[in-house]
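Fold and geometry: a report
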Amino acid sequence: MEKNTVFEGGMGELGLGIEGVLRRAARSLIEQAIETEVAVLLEEFSAVRMVNGRQAVVRNGHLPEREIMTALGPVPVKVPKVRDRSGSGIKFNSALVPPYVRKSRTVAATVPWLYLHGVSSGHMQEALSILLGEEAKGLSPAALGRLKAQWAEDHAAWQRRSLEGKRYAYWWVDGVYTNLRAEEDPRICLLVIIGVTADGKKELVSVSDGLRESKASWLEILRDLQVRGLEAAPLLAIGDGAMGFWAALDEAYPETRQQRCWVHKTANILNELPKSKQGKAKAALQEIWMAESRKAAEKALEVFVRNYQAKYPKAVAKLEKDREELLAFYDYPAEHWRHIRTTNAIESTFATVRHRTSRTKNCVSRNSFIGLGFKMLQQAEKRWIAIFHPEKVRDLFAGVKFTDGLPANETLPGDQQDAA
């Protein structure tokens, strides 16, 4: 089994502007929390009826949107209104955003991905208090429980959506660990699939829990996708070599090609070399995956084998065992190489999460664990950008064959490396 390497990275490829992501996450968190406050109030007065039997206390739209100043900067928020048709004076005032309050009193450090901090009632209040100040202390445990339950319900409903007629050119696949742990099994992680649709857009395909190394966990996910209508196999799946996913893929979608992640592979190879040799070896590996053609890549690979076989056979073995899967990208458009040589589409999304949850050691329920991860990914998905030259996806679906990044009937220009 290959070593699991944690990557530090930014939001690069996905176009995730960190300020925009944080404000979007903050707005969603605040508004969801306010909605749960309203739900608790309506339930409390659900038995109060008019003479005609109609419920007395009901929702009545929203107040005009207003900005409140938080630790993240100004965040626009809509606060719901409640109408008391009995005339007894029942009103809704949010404990988080009281009337006329436009600035929270707390000036605290930004907390990226506040969802992942809200793993229990106490921690949710902590996260909201960092964002909004002492006002958050008034959010009741009942409202917090509803909020977490709603996230789990949202995920369950999303996991039941129909996939009939869907096609994906590429899948990025990974089992993503954070320092959050499910109570039922501390080894559990989020099993994530991100796909590229026919119009070149990235979208979330599946988010579930399971064991990253388990074929059974991944096969259950793939079978579920098939049951919900995903009959067409993705053309290419990208991931690292330490997952049970590949065995499951061979069973569920045997026609899908496999591409090993060059970032993972490079890290695993360098782990077998002394530090004094790693810089030169990394450059030699880059000569392989940055080569302008498969033939040039094969030549660079043989040079690496010749230079390192005698003294570092374990490093060479890690390279050679996935030789074909490492070079699969040459049979796809050169414009897409930057996307499909690595699992950056997933790694960049979770880099901040891994960093920011390093001190979150508490366990969570299974539903909370999945719901929190799902909500975080949903926020990220809103800012994902399409892959370069999406029209090439249509070529792939039309059956166009590519050799060294170009349609097979075209010749390879000398500056193809720059295009890749």
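Residues numbered from 1 in each chain as written. Predicted model: local features only at pLDDT ≥ 70, side-chain atom pairs only at ≥ 80, totals over all residues. Heavy atoms only, no water.

Some points on the overall build of the protein
- On a plain count of helices and strands, the protein comes out with 15 helices and 13 strands.
- In the protein, which comprises 420 residues, the share counted as buried stands at 51%.
- Within the protein, counting contacts between residues at least 6 apart in sequence, those at least 24 apart form 73% of the total.
- A total of about 19000 Å² of accessible surface is found on the protein, and carbon and sulfur atoms cover 51% of it. (Helix = DSSP H or I, 4+ residues; strand = E, 2+ residues; numbered from the N terminus. Buried < 20%, exposed > 50% of the residue type's maximum accessible area, 1.4 Å probe, protein only. Contact = heavy atoms within 4.5 Å. Areas by Shrake-Rupley, 256 points an atom, 1.4 Å probe, with all protein chains shown as cover.)

Details of helix 8 (residues 294-308)
- With 15 residues, helix 8 extends 21 Å from end C-alpha to end C-alpha; this agrees with the ideal 21 Å at 1.5 Å per step.
- In this fold, the buried residues of helix 8 make contact with strand 10 (257-260), helix 6 (262-270), helix 7 (275-289), helix 9 (313-320) and helix 10 (323-326). (Expected span 1.5 Å × (residues − 1).)

Observations concerning unusual backbone geometry
- If you check the backbone angles, His389 has positive phi at about 50° while not being a glycine.
- Note on placement: His389 falls in the loop between helix 13 (366-381) and helix 14 (391-397).
- Of note, Asp404 is a non-glycine position whose phi angle comes to about 50°, a positive value.
- Position of Asp404 among the secondary structure elements: in the loop between strand 12 (402-403) and strand 13 (406-407).

Considering the pairing of strand 5 (residues 170-176)
- Extensive coverage of strand 5 is indicated by the burial of 7 of its 7 residues.
- Burial along strand 5 is two-sided: the face carrying Tyr170, Trp172, Asp174 and Val176 and the face carrying Trp171, Val173 and Gly175 are both buried.
- The pairing of strand 5 with strand 7 (residues 189-196) spans 7 bridges and is classified as antiparallel. Bridging from a neighbouring strand, Val173 pairs with Ile193 of strand 7. (Pairing = 2+ DSSP bridges.)

Structural notes on the environment of Asp395
- Tracing the backbone through its elements, the reader meets Asp395 in helix 14.
- Classification of Asp395 as partly exposed rests on a relative accessible area of 27%.
- Linking Asp395 and Pro333, residues 62 residues apart in sequence, is a C-alpha distance of 9.2 Å.
- Apart from the residues lying within four places of it in its own chain, the contact partners of Asp395 are Val400 and Phe402.

Quick notes on the pairing of strand 10
- Two elements, strand 9 (residues 236-239) and strand 10, share 4 bridges in a ladder whose sense is parallel. The residue of strand 10 that forms the bridge with Ile238 is Gln259.
- In this view, the connection linking strand 9 to its parallel neighbour strand 10 by way of helix 5 (residues 245-252) has right-handed handedness. (Right-handed = clockwise from strand over helix to strand, strands pointing away.)

Digging into the sheet that holds strand 8 (residues 202-210)
- With mixed pairing, the 5 strands of this open sheet are ordered in space as 8-7-5-9-10. In this open sheet, the two edge strands, each paired with only one partner strand, are strand 8 and strand 10. Between one strand axis and the next, the sheet turns by 20° as a mean value, whatever way the strands run.
- Against the sheet, helix 13 engages strand 7 and strand 8, with an angle of about 165° to strand 8. (Axes fitted to C-alpha atoms, helices over the stretch in contact; angles between N-to-C directions.)

Let's talk about the nonpolar core
- One finds Tyr170, Leu204, Ile288, Phe304 and Leu319 to be the most contacted residues of the largest nonpolar core, which totals 55 residues.
- Apart from the residues lying within four places of it in its own chain, the contact partners of Ile288 are Trp262, Ala297, Ala300, Leu301, Phe304, Leu319, Leu327 and Tyr330.
- Tyr168, Trp171, Ala233 and Leu249 belong to the second-largest nonpolar core, a separate cluster that totals 24 residues. (Core = buried A, V, L, I, M, F, W, Y, C linked by side-chain atoms within 4.5 Å.)

A word on the confidence of the model for the protein
- For the protein, mean pLDDT is 79; residues scoring 70 or higher make up 72% of the total.
- Within the protein, strand 10 carries the highest mean pLDDT (98), whereas helix 15 (residues 416-419) carries the lowest (45).
- Low pLDDT, under 50, characterises residues 1-16; the stretch is placed with 50 contacts to residues that sit more than four places away or in other chains.
- Taken together, the stretch residues 415-420 has pLDDT below 50 and engages in 12 contacts with residues farther than four places along the chain or on a different chain. (pLDDT = per-residue confidence, 0-100.)

Focus: the layout of surface pockets
- One number sums up the size of the second largest pocket: a volume of about 300 Å³.
- Considering the residues around the second largest pocket, the lining is formed by 17 residues, among which His155, Gln159, Ser208, Asp209 and Arg366 are closest to the centre.
- Secondary-structure elements contributing two or more residues to the lining of the second largest pocket are helix 3 (141-159), strand 8, helix 4 (215-227) and helix 13.
- Examining the composition of the lining of the second largest pocket, we find that 5 residues originate from one element, helix 4, more than from any other.
- For the lining of the second largest pocket, a count of residues per class yields 5 nonpolar, 7 polar and 5 charged. (1 Å grid on protein atoms, 1.4 Å probe; cavity = no way out; pocket = protein on both sides within 12 Å on 5 of 7 lines; lining within 4 Å. Points joined across faces, edges and corners; volume = space filled by probe spheres on them. Nonpolar A, V, L, I, M, F, W, Y, C, P; charged D, E, K, R; others polar.)

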